[in-house]
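Residue-level structural notes
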Amino acid sequence: QVQLVESGGGLVQAGGSLRLSCAASGIIFSVNYMAWYRQAPGKQRELVASVTNRVATHYADSIKGRFTISRDNVKSTVYLQMNSLKPEDTAVYYCNAHSPWTNRDSWGQGTQVTVSS
């Protein structure tokens, strides 16, 4: 059974930092592409950042230079370091695992990030 468990969300003032973690089980973590998505109230879920199994990264334009995605294959965990947070970063952040072998996507339950102005 695949499980993705996010942690690290919370309330922070604008300009602050948070580090999200997503611990995976039930998958061959090193094979999977990992990503963070977010969904703000009334908006569609959007890709924030992704990292392939070869550690190539991709970032949404809105967060470039402020967020960093990384992965630890030993711990089966993916991280999202978020700096210089803005109120518009407020959303539920979801962890995603995509297997290039099976084309299967798995999702975490989400963690709330709220940035106050």
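Here, the structure is the one placed above.
These notes cover the structure that comes with them. (Residues numbered from 1 in each chain as written. Predicted model: local features only at pLDDT ≥ 70, side-chain atom pairs only at ≥ 80, totals over all residues. Heavy atoms only, no water.)

Scanning the protein chain for helices and strands turns up 0 helices and 11 strands. Ordering the α and β elements of the protein chain from the N terminus gives β-β-β-β-β-β-β-β-β-β-β. The C-alpha radius of gyration computed for the protein chain amounts to 13 Å, which stays within 12% of the reference 13 Å derived for 117 residues, consistent with globular compactness. Viewed in the frame of its principal axes, the protein chain has a C-alpha envelope of about 40 × 25 × 25 Å. Put simply, the protein chain has 117 residues, and 42% of those count as buried. Across the protein chain, every contact between residues at least 6 apart in sequence was considered, and the portion connecting residues at least 24 apart equals 54%. (Helix = DSSP H or I, 4+ residues; strand = E, 2+ residues; numbered from the N terminus. Rg over C-alpha atoms; globule rule 2.2 N^0.38 Å. Buried < 20%, exposed > 50% of the residue type's maximum accessible area, 1.4 Å probe, protein only. Contact = heavy atoms within 4.5 Å.)

Here the focus is the side chain of Arg66. Inspection of the secondary structure puts Arg66 in the loop between strand E6 (57-59) and strand E7 (67-72). Excluding its chain neighbours within four sequence positions, the residues that come into contact with Arg66 are Gln81, Met82, Asn83, Ser84, Leu85, Lys86 and Asp89.

Scanning the entire structure with this criterion turns up 1 disulfide. One disulfide bridge connects Cys22 with Cys95, the sulfur atoms lying 2.1 Å from each other. One disulfide, between Cys22 and Cys95, carries an S-S torsion of -80 degrees and so falls in the left-handed class. Placement of the pair is Cys22 in strand E3 (residues 18-25) and Cys95 in strand E9 (residues 91-98), with a sequence separation of 73 residues. This pair shows no difference in class: Cys22 is buried, exactly as Cys95 is. (Disulfide = S-S within 2.5 Å.)

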